[in-house]
Amino acid sequence: MRTAFLVTERYEPAAAIERREVTEFLHAVSQPMTALICALEIAVRGDRSTQDYRRLLDQALTEAKRIATAARDLRARIQRP
Amino acid sequence: MRMLIVEDDVPLCNFLREGFEAEHYTVEVSARGDEALLKMSETELDVAILDLSLPGLDGLTVLKRSKIARPSLPVVVLTAHSDIQERVQCLDHGADDFIAKPFSFLELSARIRALLRRTHLPSQSVLTVGDLRLDRVERRVERAGKRIDLTAKEFSLLEFLMCNAGRKVTRDMIIEHVWNLNLSTASTNVVDVYINYLRRKIGDGASNRLIHTLRGVGYQMRGDTTRCVPLSW
């Protein structure tokens, strides 16, 4: 099984590998991207206290960092020799 | 309106909950498929939002089984994939709508409103008792044609009383359905306080009383009603 996997990996065309990596990346970032959009949409609706804005912006920042981490992982995988 | 959000991503689930609570929904959440199925089958709900990737039981199985247990419960499916095959599969298994991540909260909220308009008959979306009228979708309350502004909790309380017009409702039932809590009312007078707020706002005087106190029991809404069978209560 492992050998079969290695053979597949070795002979998989570069374009197909990239396509697979990008698909996995999009899947990984869809969750934090949705959370980020929702956080900002909720934050700008209605009047809020400074503390409440700060809480939502902190949470939005956490989601943005999740996206950044996924992007770094993708770059590292694609640039791997 | 009572909503269940089934989503295992905690931050996203919290944002959705906050957003929908701000829109006056009574929100329950679940992060596991097996737990969600139980809630969708047994809890009184008006709509469910269901993610497909779940621990415990996958979302598609939850969808299929919930539609067998309660076919009338509208379900909006969330997924990280957007391929046609998956969309078709979800719709074929009874999903009422489908939205792919990443999505906008505003769009999801609009889709829920549209779904509720489609799935609730006019007689079910508008409740009337006497000259009091409550529109569950537009979230509008009027008495004798005059608009009344209510807080989210007051609205939910009035909605519960009107859905059960003619029936006796205990304080414990109100706490469970309106506050979403399972606790004894012996330690709190919050229900009585809110009933007083409501009575004041809807002008419920001795001559035109709709909300009646049943000593030692709870409350009962009385009056001519066009209420049909409650949606899920």
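Preceding this paragraph is the structure being described.
Residues numbered from 1 in each chain as written. Chains lettered and ligands numbered in written order. Predicted model: local features only at pLDDT ≥ 70, side-chain atom pairs only at ≥ 80, totals over all residues. Heavy atoms only, no water.

Considerations on the interface of chain B and chain A
The accessible area lost on association of the parts is a frequent measure of interface size. In this assembly, 18 residues from chain B lie in contact with 18 residues from chain A. Of the roughly 1,600 Å² buried where chain B meets chain A, counting both sides, 61% is carbon and sulfur surface. Summed over the three residues of chain B that lose the most area to chain A, namely F15(B), E18(B) and P102(B), the buried surface amounts to 38% of that side. The interface formed by chain B and chain A contains 4 salt bridges. Linking E18(B) and R48(A) is a salt bridge whose minimum nitrogen-to-oxygen distance equals 3.6 Å. There are 7 residue pairs in polar contact (both at pLDDT 80 or more) connecting chain B and chain A. Going through the elements one at a time, α1 (10-22) and α5 (105-119) of chain B are the ones with two or more residues in the side of chain B that touches chain A. (Contact = heavy atoms within 4.5 Å. Buried area = accessible area lost by both parts, 1.4 Å probe. Salt bridge = Lys/Arg side-chain N within 4 Å of Asp/Glu carboxyl O. Polar contact = N/O pair within 3.5 Å; in protein donor to acceptor, adjacent residues only side chain to side chain. Helix = DSSP H or I, 4+ residues; strand = E, 2+ residues; numbered from the N terminus.)

Thoughts on the pattern of salt bridges
Residues and elements named next belong to chain B. Summed over all chains, the structure comprises 26 salt bridges over all chains. For the salt bridge of K39 with E28, the shortest nitrogen-to-oxygen distance reads 3.6 Å. Taken as a pair, K39 in helix α2 (residues 33-42) and E28 in strand β2 (residues 26-30) lie far apart in primary sequence, 11 residues in all. According to the relative accessible area criterion, E28 is buried, its value standing at 13%. Note that R171 is salt-bridged to D192, the shortest N-O span being 2.8 Å. On the criterion of sequence distance, the pair formed by R171 in helix α8 (residues 171-178) and D192 in helix α9 (residues 190-201) is long-range, its members being 21 residues apart. (Buried < 20%, exposed > 50% of the residue type's maximum accessible area, 1.4 Å probe, protein only.)

Things to note about helix α7 (residues 152-163) of chain B
Residues and elements named next belong to chain B. In this model α7 runs 16 Å from its N-terminal to its C-terminal C-alpha over 12 residues, within 8% of the 16 Å that 1.5 Å per residue would give. Here α7 lies mainly inside the structure; 10 of its 12 residues are buried. For α7, the full list of buried residues reads E154, F155, S156, L157, L158, E159, F160, L161, M162 and C163. (Expected span 1.5 Å × (residues − 1).)

Structural notes on the sheet that holds strand β9 (residues 146-148) of chain B
Residues and elements named next belong to chain B. Read across the sheet, 4 strands follow the order β6-β7-β8-β9 without closing on themselves; strand pairing throughout is antiparallel. Edge strands, defined here as strands with exactly one partner in the open sheet, are β6 (126-129) and β9. Ignoring which end each strand starts from, the neighbouring axes of this sheet average 25° apart. Sheet analysis places β6 next to strand β7 (residues 132-135), joined by 4 bridges and oriented antiparallel. Of the residues in β7, the one forming a bridge with L127 is L134. Where α7 meets the sheet, it contacts β6, β7 and β8 (140-143), and its direction lies at approximately 110° from that of β7. (Pairing = 2+ DSSP bridges. Axes fitted to C-alpha atoms, helices over the stretch in contact; angles between N-to-C directions.)

Here we look at the pairing of β2(B)
The element β2(B) is largely enclosed, with a buried count of 4 among its 5 residues. Between strand β1 (residues 2-6) of chain B and its parallel partner β2(B), the chain crosses via α1(B), and the hand of that crossover is right-handed. (Right-handed = clockwise from strand over helix to strand, strands pointing away.)

So, helix α3 (residues 50-79) of chain A
Given a rise of 1.5 Å per residue, 30 residues ought to cover 44 Å, and the 43 Å separating the end C-alpha atoms of α3(A) matches this to within 8%. If you check which residues of α3(A) are buried, you get L56(A), A60(A), E63(A), I67(A), A70(A) and L74(A). For α3(A), the secondary structure elements touched by its buried residues are α2 (14-43) of chain A together with α1 of chain B.

Considerations on the pairing of β8(B)
All names here are of chain B. The pairing of β7 with β8 spans 4 bridges and is antiparallel. Following the sheet pairing, L134 is matched in β8 by V141. Between β7 and β8, which pair antiparallel one after the other, the connecting turn spans 4 residues, and R139 there sits at a positive phi close to 55°. Here 3 bridges tie β8 to β9, and the two strands are oriented antiparallel to one another. Along β9, the bridge assignment pairs E142 with R147. From the end of β8 to the start of β9, which pair antiparallel, there are 2 residues, and A144 there has a positive phi angle of about 50°.

So, the packing of aromatic side chains
Residue and element names in this part refer to chain B. Counted according to the given criterion, the structure contains 4 aromatic pairs over all chains. Each ring, one from F20 and one from Y25, has its centre 5.4 Å from the other, and the planes form 90°; the classification is edge-to-face. By relative accessible area, which is 10% here, Y25 ends up buried. With centroids separated by 5.2 Å and ring planes inclined at 70°, the aromatic side chains of Y194 and Y197 adopt a geometry described as edge-to-face. In this pair, Y194 and Y197 both sit in helix α9, 3 residues apart, roughly one turn of the helix. For Y197, a relative accessible area of 33% translates into the label partly exposed. (Phe/Tyr/Trp six-rings, centres within 6.5 Å; stacked < 30°, edge-to-face > 60°.)

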